[in-house]
Amino acid sequence: MRIKLKQWANIAEIIGALAVVVSLVYVGIQVNDSAGAVRSAAANDVNVALQNWYIELGSSQQTSSLVYRGLMSEQALPEEQEFQFLMMLHGFFLGAQNSYLLAAEGTIDTELVDSLTVVIIGINDLPGMKRYWRQRKSYLHSGFAEWVDRVSAQGGEETMDLYNRPDD
């Protein structure tokens, strides 16, 4: 029995349709793998940014002293030091904002934002934090600023031991 040209065309069409389905499945797998890689890279970038901020703060006596004095001081520090303090704290909050926004869109795990919540609650009542927040809140994404306000209002945690003065 000889297969006619039309039958060959039908067979070719079926094979082509199967090839398209296989290709779509393959592309779906690749996109899923790519999305996972993007999520991993985003989480790593967030962690590295915050890690670098903490390393800078902890490895420089001048910087750590400045941030500590800025957080504890009821009054603004001398002009240039106050500027440095506000910029250092703003750098932290930009990193926290990045984490919040990435978690909100589902790119990174929300547990990372939960750890930032503890930090924010821990410094929430410090005079320098209040001074910073009054001055710089409007420079941040409104959704993030509202989240910080909600977290701060929750309270429930005392100031972190790290920020308690020795005479407390």
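The sections below set out a description of the structure shown in this document. Note that this is a predicted model, so its numbers are computed, not measured. (Residues numbered from 1 in each chain as written. Predicted model: local features only at pLDDT ≥ 70, side-chain atom pairs only at ≥ 80, totals over all residues. Heavy atoms only, no water.)

Examining the overall build of the protein chain
Moving on, step 1. Counting its regular elements, the protein chain contains six helices and zero strands.
Moving on, step 2. Along its sequence from the N terminus, the protein chain presents helices and strands in the succession α-α-α-α-α-α.
Moving on, step 3. Within the protein chain, the proportion of its 168 residues that are buried is 35%. (Helix = DSSP H or I, 4+ residues; strand = E, 2+ residues; numbered from the N terminus. Buried < 20%, exposed > 50% of the residue type's maximum accessible area, 1.4 Å probe, protein only.)

As for helix 3 (residues 79-104)
Moving on, step 1. With 26 residues, helix 3 should cover 38 Å at 1.5 Å per step; its first-to-last C-alpha distance of 36 Å lies within 8% of that length.
Moving on, step 2. Immediately downstream of helix 3, the backbone of Gly-106 shows phi near 85°, a positive value. (Expected span 1.5 Å × (residues − 1).)

Remarks on the environment of Gln-75
Moving on, step 1. Mapping Gln-75 onto the fold places it in the loop between helix 2 (61-72) and helix 3.
Moving on, step 2. By relative accessible area, which is 58% here, Gln-75 ends up exposed.
Moving on, step 3. With 53 residues separating them in the primary sequence, Gln-75 and Gly-128 have C-alpha atoms 8.0 Å apart.

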